[in-house]
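What the coordinates show
Spelled out, the chains give:
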Amino acid sequence: EKQRAAVMAAATEKLAQRVRLAALGLASIAAAVCLELGARFLMHVREIGPSFSVYDPVLGSRHKRNLSASRWTPEFTMRISTNSLGQRGPEPTPADLDAKLRILFVGDSFTEGYGVDDGEEFPRLIASRLAAEGRSVRVLNEGVGNTGTGRAVRLLRDYPSGPERATVLVYQASSNDFGDDHRDGFFRLDPDGRLVEAPLPVPQSFLRRVQPAIDRIPGLTYSHAFAAFLQLARSRGRAGASAPTAAPATDDAQRERL
């Protein structure tokens, strides 16, 4: 009788543990659903979707390779994909690789084509026009959003080149490059006004360090609640989506000199 009672008690305890775990799981799901609904209906979330870029120790950020993702904002919805080189656009064909002339587009979100679907970014439109004219030209889009001229300098410094590959460089600059350069801190001015380059590697922000784990959780980056959390964190300066090397505070005139 005692042994039977002990077995029954153990079985009852296991059942109770399972019930508690089930209740905890249901409560967690209910809380997540409430957070998601609250974010959807009560908050103005600016950007929903995964990051297009990853940390790079030299450039600060670069596009993910073989990316296929969506981005939702109040103004637009876009689809973006990258090739195995991390460039927006299709995988290069044998004809592209044999082309004697390359057109290299470098810049920020304007060059990247932020806000438009694949095929609508202006480097691809130019590539389509040249192809229709029968020209043997390879177009490379190295635009990455939220970057400045300092990153472009580092990118071009070691960009693959050779006498058999004549290259036309199309660099697109924007007025917000001043702020991006100041934020990135790849270069700064010393007290005598001389340009000084920051040492490598580029430090990682907290968000960049945890990004691989975030990207591995299915559906998380498309959650309105998660997007709202990132938006709040960035607005309070606790996290950054790009290179985190902050330059000392300076006025607009110093930014323009930089």
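Calculation rules
- Residues numbered from 1 in each chain as written.
- Predicted model: local features only at pLDDT ≥ 70, side-chain atom pairs only at ≥ 80, totals over all residues.
- Heavy atoms only, no water.
- Helix = DSSP H or I, 4+ residues; strand = E, 2+ residues; numbered from the N terminus.
- Rg over C-alpha atoms; globule rule 2.2 N^0.38 Å.
- Buried < 20%, exposed > 50% of the residue type's maximum accessible area, 1.4 Å probe, protein only.
- Contact = heavy atoms within 4.5 Å.
- Lys, Arg positive; Asp, Glu negative; His and termini not counted.
- Charge placed at Lys NZ, Arg CZ, Asp CG, Glu CD.
- pLDDT = per-residue confidence, 0-100.
- Patch = residues over 30% accessible without salt bridge, like charges linked within 9 Å, V, L, I, M, F, W, Y side chains within 5 Å.
- Areas by Shrake-Rupley, 256 points an atom, 1.4 Å probe, with all protein chains shown as cover.
- Salt bridge = Lys/Arg side-chain N within 4 Å of Asp/Glu carboxyl O.
- Pairing = 2+ DSSP bridges.
- Axes fitted to C-alpha atoms, helices over the stretch in contact; angles between N-to-C directions.
- Phe/Tyr/Trp six-rings, centres within 6.5 Å; stacked < 30°, edge-to-face > 60°.
- Lys NZ or Arg CZ within 6 Å of the ring centre and 35° of its normal.

As for the overall build of the protein
- A count of helices and strands for the protein gives nine helices and nine strands.
- Its C-alpha radius of gyration of 25 Å places the protein more than 25% over the 18 Å reference for a compact globule of 258 residues.
- For the protein, the spread of C-alpha atoms along the principal axes amounts to about 90 × 50 × 35 Å.
- Residue burial in the protein is summarised as follows: out of 258 residues, 33% are buried.
- Taking all contacts inside the protein whose residues are at least 6 apart in sequence as the whole, residues at least 24 apart take part in 69%.
- For the protein, the distance from the average site of its 34 positive side-chain charges to the average site of its 30 negative ones is 9 Å.

A look at the confidence of the model for the protein
- Model confidence for the protein is summarised by a mean pLDDT of 86, while 92% of its residues fall at 70 or above.
- Element-level pLDDT for the protein is lowest in helix α9 (residues 252-257), with a mean of 75, against a maximum mean of 97 in strand β4 (residues 77-81).
- Across residues 238-248, confidence stays below pLDDT 50; counting only partners more than four residues off in sequence or on other chains, it has 33 contacts.

Focus on a nonpolar patch on the surface
- Taken together, Leu 26, Ile 29, Val 33, Leu 37, Phe 41, Leu 42 and Met 43 make up a surface patch of nonpolar side chains, about 790 Å² in accessible area.
- Assignment of secondary structure puts Leu 37 in helix α1 (residues 2-42).
- We classify Leu 37 as partly exposed; its relative accessible area is 43%.

Overview of the pattern of salt bridges
- What the rule picks out here adds up to 15 salt bridges.
- Two residues, Asp 56 and Arg 62, come together in a salt bridge whose shortest N-O distance is 3.8 Å.
- With a shortest N-O distance of 3.1 Å, Asp 215 and Lys 64 are connected by a salt bridge. A residue pair is termed long-range when its members are at least 10 positions apart, and Asp 215 in helix α7 (residues 206-215) and Lys 64 in the loop between β2 (60-63) and β3 (68-72) qualify at 151 residues.
- Where salt bridges share partners, they join Arg 88, Asp 118, Glu 121 and Arg 124 into one cluster.

Some points on the sheet that holds strand β5 (residues 101-106)
- The strand order across the open sheet built from three strands is β6-β5-β7, with neighbouring strands paired in parallel fashion. Both edges of this open sheet fall to β6 (137-141) and β7 (166-171), since each of them pairs with a single strand only. Averaged over all adjacent pairs, the angle separating strand axes in this sheet is 20 degrees, with direction ignored.
- Here β5 pairs with β7 via six bridges, running parallel. Note on β7: the bridge partner recorded for Leu 104 is Leu 169.
- Contacts from helix α4 (residues 122-132) reach β5 and β6, with the element oriented near 175 degrees to β6.

Section: the packing of aromatic side chains
- Summed over all chains, the structure comprises four aromatic pairs.
- Between Phe 52 and Tyr 114 the ring centres are 6.4 Å apart and the planes differ by 50 degrees, which places this aromatic pair in the tilted class. On the criterion of sequence distance, the pair formed by Phe 52 in the loop between α1 and β1 (53-56) and Tyr 114 in the loop between α3 (109-112) and α4 is long-range, its members being 62 residues apart.
- When the ring of Phe 76 is compared with that of Tyr 114, the centres are 5.3 Å apart and the planes differ by 85 degrees; the resulting orientation is edge-to-face. One end of the pair, Phe 76, is in the loop between β3 and β4; the other, Tyr 114, is in the loop between α3 and α4, and 38 residues separate them in sequence.
- Look at Phe 76 and you get partly exposed, because its relative accessible area is 22%.
- The exposure class assigned to Tyr 114 is partly exposed, which follows from its relative accessible area of 27%.
- Chaining the aromatic ring pairs together yields one cluster made of Phe 52, Phe 76 and Tyr 114.
- A cation over a ring is seen here: Arg 154 above Phe 186, with NZ or CZ 4.6 Å from the ring centre.
- Above the ring of Phe 187, the side-chain terminus of Arg 154 is found at 6.0 Å from the ring centroid.

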